[in-house]
Amino acid sequence: NIGSPQQLSRVLFEELKLPKTRRLKTGSYSTDAQSLEELRGAHPVIDLILEYRELTKLKGTYVDALPGLVNPRTGRIHSDFNQTGAATGRISSSNPNLQNIPVRSELGRQIRRAFVARDAGPDPYLLSADYSQIELRILAHYTGDPALVEAFRRDEDIHAVTASQVFGVPMEKVTPEMRRRAKVFNFGVLYGLTPYGLSVRERIPQEEAAEFIRRYFEKYPGVRRYIEETVQRTRELGYAETIFGRRRYLPEINSPNANVRQAAERAAINMPIQGTNADIMKIAMARVQQEMDRRGLRSMMVLQVHDELIFECPANELEEMQGLVLDIMPNAAQLAVPLKVDVKVGKTWGDME
DNA sequence: TACATTTGCCAC
DNA sequence: AAACGTGGCAAATGTA
Ligand SMILES: Nc1nc2c(ncn2[C@H]2C[C@H](O)[C@@H](COP(=O)(O)OP(=O)(O)OP(=O)(O)O)O2)c(=O)[nH]1
Ligand SMILES: [Mn+2]
Ligand SMILES: [Mn+2]
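Cut-off values and rules
- Residues numbered from 1 in each chain as written.
- Chains lettered and ligands numbered in written order.
- Predicted model: local features only at pLDDT ≥ 70, side-chain atom pairs only at ≥ 80, totals over all residues.
- Heavy atoms only, no water.
- 1 Å grid on protein atoms, 1.4 Å probe; cavity = no way out; pocket = protein on both sides within 12 Å on 5 of 7 lines; lining within 4 Å.
- Points joined across faces, edges and corners; volume = space filled by probe spheres on them.
- Helix = DSSP H or I, 4+ residues; strand = E, 2+ residues; numbered from the N terminus.
- Nonpolar A, V, L, I, M, F, W, Y, C, P; charged D, E, K, R; others polar.
- Contact = heavy atoms within 4.5 Å.
- Expected span 1.5 Å × (residues − 1).
- Buried < 20%, exposed > 50% of the residue type's maximum accessible area, 1.4 Å probe, protein only.
- Arc of directions from axis to C-beta.
- Domains from an automatic or database assignment.
- Near = heavy atom within 4 Å.
- Polar contact = N/O pair within 3.5 Å; in protein donor to acceptor, adjacent residues only side chain to side chain.
- Salt bridge = Lys/Arg side-chain N within 4 Å of Asp/Glu carboxyl O.
- Pairing = 2+ DSSP bridges.

Caption draft 1: Quick look at the layout of surface pockets. Empty space within the second largest pocket amounts to approximately 590 Å³. In terms of lining residues, the second largest pocket is bounded by 24 residues, among which R76, I77, A114, F115 and V116 are the most central. At the level of elements, α3 (45-63), β6 (300-304) and β7 (308-314) are the ones that each hand at least two residues to the lining of the second largest pocket. For the lining of the second largest pocket, a count of residues per class yields 17 nonpolar, 3 polar and 4 charged.

Shown next as structure tokens:
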């Protein structure tokens, strides 16, 4: 059974005697996609296993599961949005989780296309409003770092700048996939990614990884100061907090166990920023809905995906809704840098422009 | 049958 | 996973 990591591991490492991957805490060898990537070329079955994994993941979690969750009365999927779902202040979504609908692979995007506008008037559309580089903007506010602050006042795209530098290509040649990986790098380094971690993820030598991270902190020196001050402050107070005062208690930050303590330190670095994002979003949601009610619009707020709101709108309300979210969302908080929101419109969630 | 744990992976 | 953070879900496996 390819779906059993235990059985798969026995075939790969005992019967086929392929090179051993990293060890899990139980002593077995990992068969996750990251590890299997390294075995590509060692045996033709590896590519097939990776393909099997992608297909069974999408089929099992989404394609098979979602149709059964359509409410027969409304013909719609009704997820739970859990107000206290996350320790940072984020909400979570369950039964089903609509905050992790695929988007990355083309096959995944096909699943997203199943979410369509239908019930808002005679000619309904979906409208999405997503904050641009949101946690980097909050970081700029916290740190006051000159390079970060200047970049956002000039409306630059830091994810793209990082991509251009890390992949050694001019800005015009940065692809969406490169920008996505640069995003992982930007947030990863900010929240404690180590040279070891980066070397494993990007399959580069640890020295090279260390050099990328060194350049990141050299470019944005305020970030290191933020990290050190935040960890120290959390040690003293016993909690981390957002700009708006939301707290997360982290007693483990004073643990004698170094692993436990360091994990708490990374959580402490993350919480004020991820949590402020959540606070801003909650403020924006309340104000947007209030304004929609006040104007008596037929548009509906249907989804929240952490820094993104999705509305189902009649065609004749699209322009007004775009104006409304662009008035309210960027002004939900006044930070040291502007907040920016990207609006897209489409018939399905999978193709929005 | 019910529930917990482990492994893996989707999203932000 | 010691080794970015925050979640939820499926399948296999183990226990009661
Ligand atoms: N720690 C961490 N946070 C992430 C990661 N991916 C997304 N986030 C957080 C930080 C982002 O600012 C926030 C919203 O995600 P988005 O995909 O919308 O990215 P972002 O707004 O930064 O860029 P964008 O301009 O919308 O493409 O979620 C990640 O891999 N690690
Ligand atoms: Mn965003
Ligand atoms: Mn987003």
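Caption draft 2: Expanded view of the side chain of S128. Looking at the element boundaries, S128 is found in strand β3 (residues 124-131). When sequence neighbours within four positions are dropped, the list of residues in contact with S128 reads E308, L309, I310, D342, V343, K344 and M352.

Caption draft 3: Quick peek at α3. Its 19 residues place the ends of α3 25 Å apart at the C-alpha level, agreeing with the 27 Å of an ideal helix rising 1.5 Å per residue. Those residues of α3 lying buried are I46, I49, L50, L58 and Y62. Angular distribution of buried residues about the axis of α3 spans 160 degrees; they occupy a single face of the element. Residues of α3 that are buried make contact with α1 (5-15), α2 (33-39) and α4 (106-112).

Caption draft 4: Up close: the domain arrangement of chain A. You can read the domains of chain A as domain 1 (5-62), domain 2 (106-132 + 279-346) and domain 3 (135-273). For domain 1 versus domain 2, the distance between C-alpha centres works out to 40 Å.

Caption draft 5: Region of interest: the protein's contact with DNA strand B. Within the structure, DNA strand B sits among 23 residues, and T26, T31, N100, V103 and R104 are positioned closest to it. The sugar and phosphate moieties of DNA strand B supply 88% of its atoms located within 4 Å of the protein. Within the side chain of T26, a nitrogen or oxygen atom sits 2.5 Å from a phosphate oxygen of DNA strand B. D32 is positioned with one of its backbone polar atoms (N or O) 3.5 Å from a phosphate oxygen of DNA strand B. Here the surface near DNA strand B takes 3 residues from α3, the largest share from any one element. Residues that form the surface near DNA strand B fall into these classes: 8 nonpolar, 7 polar and 8 charged.

Caption draft 6: Main features of helix α11 (residues 221-237). In this model, α11 (17 residues) spans 25 Å end to end at C-alpha, consistent with the 24 Å of a helix rising 1.5 Å per residue. The set of residues buried in α11 consists of G222, V223, Y226, I227, T230, V231 and T234. Taken end-on, α11 shows its buried residues confined to a sector of 165 degrees, consistent with a single buried face. Buried residues belonging to α11 abut α5 (134-143), α6 (146-153), α8 (176-190), α10 (206-219), β4 (239-241) and α12 (258-295). Just past α11, the residue G238 takes up positive phi, approximately 85 degrees.

Caption draft 7: Region of interest: the pattern of salt bridges. For the structure shown, the criterion picks out 28 salt bridges. With a closest N to O distance of 2.8 Å, D47 and R40 form a salt bridge. Take D47: its relative accessible area is 37%, and that puts it in the partly exposed class. One salt bridge connects E106 with R113, and the closest N-O pair in it is separated by 3.2 Å. Assessed through its relative accessible area of 25%, R113 is described here as partly exposed. Taken together, the shared-partner salt bridges in this structure form one network comprising E37, R40, D47 and R203.

Caption draft 8: Region of the structure containing the pairing of β7. Among the 7 residues in β7, 7 count as buried, and that is most of the element. Every second residue of β7 is oriented toward a common face, with E308, I310, E312 and P314 on one face and L309, F311 and C313 on the other, all of them buried. Bridge count for β3 against β7 is 7 bridges, and the pairing is antiparallel. Bridge pairing links L126 to E312 in β7. Two strands pair when backbone bridges link them, and β6 and β7 are joined in this way by 4 bridges, in the antiparallel orientation. The partner of M301 across the bridge, within β7, is F311. What sits between the antiparallel neighbours β6 and β7 is a turn of 3 residues, in which H306 has the positive phi angle 70 degrees.

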